[in-house]
Amino acid sequence: RFGRSGKLSLLHATKHTTKTTMTCNTKLILCAAVLPAISSLAIGGRRLRKNIKMPDPVPREGIDEVIKTMESGKLFRYNVASKEESQVSLVEKEFSDFTGHKFAVGLNSCGSAIFLMLKCAGAQHGDKVLTNGFTFTAVPSAIVHAGCDPVYVETTPGYVVDVADLEKKMDANPDCKYFIVSHMRGKLASMDAIKKLCDAKGVELLEDCAHSLGVLWNGGHSGHHGTMAAFSSQSYKMLNSGEGGFFVTDDDYAAARCMAYAGAYEALADKHYCRPCDAALAKVMDGSIPNFSLRMHEGTAAMLRPQIKTIEARRAEYNERYYRIAAQLNALPGCSVEDQLPQVTIVGDSVQFNVEATALGDDLDAGADAFLAKCAARGLPVERFGSGSNARNFKNWKYAKAPECGLPVTADIISRAFDVRLPLLFEEEDFEIMVEIIQESLAEVAAGELEVKEQEVAYAR
């Protein structure tokens, strides 16, 4: 039995069972009844026993298609007689049909897609590229990969780019002609305002949609405000192939350049369902573009195709749970979950929450570390965006120039911002335990209890 403190006492379960009546069978029945409860007990209360990093599984249909592809030996996307036989060509068509883009090019990663967006836009070595000060390290890494220098824009408490600071950075860097807006954790900024600002300043807008597949803006898919967009099929996204990505655009010439950079040579463009016009191919396929060999694997495409069919159903399931959990977290003292803009239809496969500095104590870092340790001790790994090891903390991007202003607003926000995945295969009790762990851990830190202390468990003898 769990008491109000969360401690388990088996003495309650046995107080009416005497030594004379407690037979061997009785003991077995008792153990079968209480062992599941013991498995949920942890330091300070119930423990989460499932893996929070659990990705969405590949459907049986995808597994069968991968096996068929391997048995055929045709693992290279162009080792086919026609586009109809290529898994990559087929998934490009199905993906572009889903997002509403004219062209999609399957690649080995979203990072490659971001890199190729800059190459296809004409970015040169030494060019400046505006991007979010809060995003995943893959975005500034792709900018550096293209030989460019990132210029970072402040974020808001809702983890989206600050449009006012974007305009300031554009004015301060009039030679900066590209802006990669990153929809971090699937959160969309005021995209109409950003598009208008970019057009007015002569800045080409590119979209990092790694986290925003299935996210809608006024009913339309993300990735349509920019001239090009990049999507991901890395394991913790709405499509799971371990690694993989898509470059999408409505522009024939951008699509043709991407195909050439990715590794379509000679007449291989004919093996694409999403084939650019002859004029674009004639201009691009002249040997002036290097082949970077960034193509998608046939097995990757085979496992992705059936997953596209279920995105909308999974979004509905994710969102039903997300709004319920977000409301519970919002009700906790000192804790807030920011709403997205009303134009946005979300995909709630994770939840982010801000904690007031006062709730973490006089030493913010010590309080935040204690909160993370308490959650981890009970089986719930919570990420702090501003931690010294987090790949989303701009201070850790030492391969690029540090922001001149230091991004003080972003630094403050991510120092108190926390991130938790909401796996599709988790059950209601798992989410109840997660909220309980966060609630109790925050309460202990707010009360000044920073140490993680192991508590005794009373076992029946």
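Use the structure listed above.
From a predicted model like this one, the values you see are computed outputs, not experimental measurements. (Residues numbered from 1 in each chain as written. Predicted model: local features only at pLDDT ≥ 70, side-chain atom pairs only at ≥ 80, totals over all residues. Heavy atoms only, no water.)

## Some thoughts on the pattern of salt bridges
Alright, step 1. Evaluated as defined, the whole model comprises 29 salt bridges.
Alright, step 2. In this structure, K309 and E61 form a salt bridge, with 3.2 Å as the shortest nitrogen-oxygen distance. With K309 in the loop between α11 (298-308) and α12 (311-330) and E61 in helix α3 (residues 60-72), this residue pair connects regions lying 248 residues apart in the sequence.
Alright, step 3. Residue E61 is classed as partly exposed on the basis of its relative accessible area, which comes to 41%.
Alright, step 4. Salt-bridge contacts for R305 lead to E94; the nearest nitrogen and oxygen are separated by 2.8 Å. Here E94 lies in helix α4 (residues 87-99) and R305 lies in helix α11, a separation of 211 residues in the sequence. (Salt bridge = Lys/Arg side-chain N within 4 Å of Asp/Glu carboxyl O. Helix = DSSP H or I, 4+ residues; strand = E, 2+ residues; numbered from the N terminus. Buried < 20%, exposed > 50% of the residue type's maximum accessible area, 1.4 Å probe, protein only.)

## Overview of helix α7 (residues 163-172)
In an α-helix there are 3.6 residues to a turn, and that puts residues three or four apart on one side.
Alright, step 1. Here α7 has its buried residues at D165, L166, K169 and M170. The arc that holds every buried residue of α7, seen down its axis, measures 145 degrees, which confines them to one face. Facing away from the buried side of α7 by over 90 degrees, the exposed positions are K168 and A172.
Alright, step 2. Considering only its buried residues, α7 is in contact with β4 (128-132), β5 (149-153), β6 (178-182) and α8 (191-201).
Alright, step 3. With a side-chain oxygen lying 2.9 Å from the backbone nitrogen of A164, the N-terminal cap of α7 falls on D162. (Arc of directions from axis to C-beta. Contact = heavy atoms within 4.5 Å. Polar contact = N/O pair within 3.5 Å; in protein donor to acceptor, adjacent residues only side chain to side chain.)

## A word on the environment of Q439
Alright, step 1. Position of Q439 relative to the elements: it lies in helix α15 (residues 428-446).
Alright, step 2. As a C-alpha pair, Q439 and P333 span 106 residues in sequence and 8.8 Å in three-dimensional space.

## Re the packing of helix α5 (residues 110-121) against helix α6 (residues 138-145)
Alright, step 1. In contact at an axis separation of 9 Å, α5 and α6 are set at 45 degrees when each is read in the N-to-C sense. When the axis of α5 is compared with that of α6, the two are oblique. Handedness of the crossing formed by α5 with α6: right-handed. Where α5 abuts α6, its residues G111, I114, F115 and L118 lie against V139, A142, I143 and H145. (Axes fitted to C-alpha atoms, helices over the stretch in contact; angles between N-to-C directions. Parallel < 35°, antiparallel > 145°, perpendicular 65-115°, else oblique. Left-handed = near helix turned anticlockwise from the far one by under 90°.)

From the geometry alone we can't say anything about function, so treat these as descriptive.
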